[in-house]
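Descriptive structure summary
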Amino acid sequence: MRSTDFCIRLCLMGGLLVGILMGCDAECDGSNPLCRKVARVELSCSPTSVDPGEMVVCRARNATYDTLRWSVSPGTTLGDCKNDTSCGITMFTPATYKVTARAKVNSASLGTQRETKRSDSANFTVVDPASSSTVAPPPPPAPTLPPPPPTPFVAEGALDTSFASNGFLVQHNTAGGNGGDAAADVKIDTSGTIWASGLSTGGTATDDYALWKVSSDGDTVTPFTHHSAAPGAGNDLSNSVFIDSSGRAISGGSSENTGPNDDVAFWYHNSDISLYTSFNISGILTSNALNGGTNEFINDVMVDDQGRVIAVGSADNGGNFDLLVLRLNPDGTADSTWDSDGVVIHDNAAGGSGDDEGKAVIIDNSNRIVVVGNSFGSGTLEDLAIWRFNTDGSLDTSFNSTGFVTHNGAAGGSGDDDGRDIVLDSNDRLVVVGRSFGSMNEDLAIWRYNATGTLDTSFNDKGFVTHNGAAGGNGRDVGEAVVFDALQNIVVAGYSFKGTNDDMVVWRFTRNGDLDTSFAGGIGFFVHSNAAGGNGDDQALGLALDSSGRLVVAGKSIRVGPNDDMVIWRLQ
């Protein structure tokens with residue numbers, strides 16, 4: 001008899017239990033309700049190698065039974081896992097493990113659960129990290145930090161001999177008249193080119209307007225001169241130069257008409273020094289009789305972020321001079337949004353009946369126009385004056401409640417005080433430089449004002465500081481121009497009388513108002529004389545800071561003749 005027939009009979013006679021006991025469970029054909037055919041169990045696990053604590057996922061399949069019994073050796077019984085589903089196994093001890101899955105019989109009539117002999121197994125290994133040949137990945141590299149910003153260069157107060165071979169450039173006879181040459185102001189464009197404006201004596205022995213374009217190393221000079229802008233046969237000169245956002249240079253000054261009287265004058269240049277003809281068609285603009293008088297002139301000029309030209313100076317009212325503030329459209333026409341006609345006149349700021357004059361102009365962070373200069377007080381002496389205007393040309397009464405402020409006696413004397421230049425610091429405070437009369441002579445003076453128009457008493461404990469005797473004499477010391485260096489030190493250029501003549505001086509003060517003795521070999525100021533070879537006055541009238549933090553100073557020096565030569569100094 002075949003074993004199959006025998007098992008079938010046993011199944012029919014004794015039911016499933018007998019068949020199982022006889023080892024015939026795989027051969028039952030299911031005709032007896034207690035006999036179920038058992039198909040092969042198939043088991044797979046992945047991955048086969050893990051670290052302690054990582055999970056292995058196993059899956060078992062069986063065609064007949066819904067539930068399979070799992071066990072792990074060495075280990076423990078895992079319990080039931082449904083057929084054809086995944087079960088996870090996590091072990092922590094390094095070893096090789098055997099997983100076994102068996103089909104089991106669930107018979108209510110027998111009252112028992114019996115595992116069949118059908119099973120499958122699979123192995124996986126928990127790796128001992130200490131003995132693993134797997135090389136751990138290298139730790140991630142430390143983040144790359146950006147390099148620290150370079151320490152700002154601050155000039156040490158000595159001539160930079162890489163400029164024009166000896167630290168200063170001298171020019172004479174620019175207009176061909178063999179007379180005087182002088183630079184009143186200096187600016188530096190984004191390419192490092194130096195622009196200085198002023199005057200040079202022409203062939204008719206009168207002064208011509210002069211502009212010098214100088215390469216950053218001082219080796220190449222391109223000059224421009226012009227006369228009779230007004231027109232007339234008299235003097236033409238520039239007191240200020242400014243570089244606009246397009247790299248063009250505009251100069252402001254005066255030109256003598258046939259009166260002869262002075263008219264305000266502007267010259268606007270392209271970056272190649274040719275005239276910018278989009279400004280008043282010719283690139284040159286003059287105007288007279290702005291205040292009913294005969295003489296008007298410009299001391300400072302700038303261009304705002306809308307391309308409008310802003311200029312300050314003085315206008316004759318028939319008896320004395322009043323402050324003059326102009327605003328022109330980019331094409332040179334009067335800006336009618338500035339006090340309706342492009343012209344603002346103000347007088348008597350200090351309460352006297354004398355001259356009021358604007359020397360320098362800036363725009364603050366609220367687009368207000370701030371002017372510094374001087375105004376006659378109740379006597380016959382000048383006081384420092386600062387005016388602030390709203391964008392429509394009206395006085396800003398949030399500034400000292402009137403829109404202007406005056407001050408005198410900074411140096412302790414009873415003489416003139418006036419401001420020559422102004423800058424705005426990082427805290428919106430106004431820093432003004434100029435002169436104040438001391439007990440016997442003029443002293444360099446620096447004032448600092450809060451945005452409200454009050455003196456900032458944190459500056460030298462009283463809001464101003466003075467200095468005299470820089471050149472060794474007991475004469476005048478005057479500040480003509482001011483800039484901030486990279487550390488917000490206050491750098492002033494001007495001149496000091498040494499007994500017989502003036503020497504060029506550059507002073508440096510800390511933001512607190514102390515003379516900075518780390519400058520110029522420990523004394524806080526740099527003095528230079530005889531740049532042009534003569535034995536007369538050397539004066540600094542303009543000052544700029546280049547992109548490398550070097551100080552560029554413009555002015556004049558007497559040569560043998562005697563006539564003035566234009567000079568540009570550079571300090572490292």
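To start, this report covers the structure provided alongside it. Residue positions are given per chain, counting from 1 as you read along its sequence in written order. Per-residue local features are limited, in this predicted model, to residues with pLDDT of at least 70; the limit for side-chain atom pairs, both in listing and counting, is 80 or more; totals at the level of whole chains, interfaces and linings are taken over all residues. Excluded from the side-chain calculations are hydrogens and water; all other atoms, namely the structure's heavy atoms, are used.

**Points about the pairing of strand β20 (residues 321-328)**
Here is the rule we go by: Working definition: with a 1.4 Å probe on protein chains only, accessible area under 20% of the residue-type maximum means buried, over 50% means exposed, and in between means partly exposed. Helix and strand assignments follow DSSP, with helices taken as H or I runs no shorter than four residues and strands as E runs no shorter than two, numbered in order from the N terminus. DSSP-based pairing: two strands are paired if at least 2 bridges between them are found.
Among the eight residues that make up β20, seven are buried, leaving the element largely enclosed by the rest of the structure. Where strand β19 (residues 309-316) lies against β20, eight bridges are found, and the strand directions are antiparallel. Within β20, the residue paired with Ser314 across the bridge is Leu323. Linkage of β19 to β20, two consecutive antiparallel strands, is achieved through a turn of four residues, within which Gly318 is found at a positive phi near 105°. Here β20 pairs with strand β21 (residues 343-346) via four bridges, running antiparallel. In the strand pairing of β21, Leu323 is matched with His346.

**Overview of unusual backbone geometry**
The peptide bond linking Ala230 to Pro231 adopts the cis configuration, its omega dihedral lying at 0°. Within the secondary structure, Pro231 is located in the loop between β13 (221-226) and β14 (236-243). The linkage connecting Gly561 with the following residue, Pro562, adopts the cis geometry, with an omega of -10°. By the element assignment, Pro562 lies in the loop between β35 (551-559) and β36 (563-571). With phi around 65°, Ser401 is a residue other than glycine that occupies positive phi space. Along the chain, Ser401 falls in the loop between β24 (382-389) and β25 (404-407). Positive phi, close to 55°, is recorded for Asn460, a residue that is not glycine.

**Here we look at the pattern of salt bridges**
Stated precisely, the cut-off is as follows: Any Lys or Arg side-chain nitrogen located within 4 Å of an Asp or Glu carboxyl oxygen qualifies as a salt bridge.
According to the stated counting rule, one finds 27 salt bridges in the structure shown. Residues Asp335 and Arg327 are paired through a salt bridge, measuring 2.6 Å at the closest nitrogen-oxygen approach. With relative accessibility at 3%, the residue Arg327 sits in the buried group. A salt bridge links Asp564 to Lys556; the shortest N-O distance between them is 3.6 Å. Among the ionic contacts, a cluster of salt bridges with common partners joins Lys359, Glu382, Asp416, Asp418, Arg420, Arg435, Glu442 and Glu480.

**Details of the state of the cysteines**
Heads up, the condition is: Counting rule for disulfides: a pair of cysteine sulfur atoms within 2.5 Å.
One pass over the structure, following the stated rule, counts one disulfide. Two residues, Cys45 and Cys58, share a disulfide whose sulfurs are 2.0 Å apart. Its S-S torsion of about 110° marks the bond between Cys45 and Cys58 as right-handed, since a negative value means left-handed. Separated by 13 residues along the polypeptide, Cys45 in strand β1 (residues 42-46) and Cys58 in strand β3 (residues 55-61) bring together distant segments of the chain. In this structure Cys58 comes out as buried when scored by relative accessible area, which is 0%.

**Description of the sheet that holds β3**
Cut-off, in case you're wondering: Angular values range over 0 to 180 degrees, each being the angle between N-to-C directions of two axes fitted as lines to C-alpha atoms, with helices fitted over their stretch in contact.
The sheet built from three strands is open, its strands ordered β1-β3-β6 with antiparallel pairing. At either end of the open sheet lies a strand with only one pairing partner, and these are β1 and β6 (86-90). Taking the axes of each pair of neighbouring strands and ignoring which way they run, one obtains an average angle of 25° across the sheet.

**Concerning the pairing of β1**
Alternating positions in β1 separate cleanly, Leu43 and Cys45 being buried on one face and Glu42, Ser44 and Ser46 remaining unburied on the opposite face. In this structure, β1 lies alongside β3, joined through five bridges in antiparallel fashion. By the bridge assignment for β3, Cys45 is matched with Cys58.

**Considerations on the side chain of Asn374**
The line we're drawing: Contacts were defined at the residue level, with two residues in contact if any of their heavy atoms lie within 4.5 Å.
Summarising the element assignment, Asn374 is placed in strand β23 (residues 369-376). Discounting residues that sit within four places of it in the chain, Asn374 has contacts with Asp355, Asp356, Glu357, Lys359, Glu382, Asp383, Ala385, Trp387, Asp417 and Asp418.

**Let's talk about the sheet that holds strand β30 (residues 477-484)**
Spatially, the four strands line up as an open sheet ordered β30-β31-β32-β33, and their pairing is antiparallel. The outermost strands of the open sheet, each flanked by one partner alone, are β30 and β33 (525-528). The average undirected angle you get between the axes of adjacent strands in this sheet is 20°. For strand β31 (residues 490-497) and strand β32 (residues 502-509), the ladder comprises eight bridges, and the chain directions are antiparallel. Within the sheet, the bridge partner assigned to Ala493 lies in β32 and is Val506.

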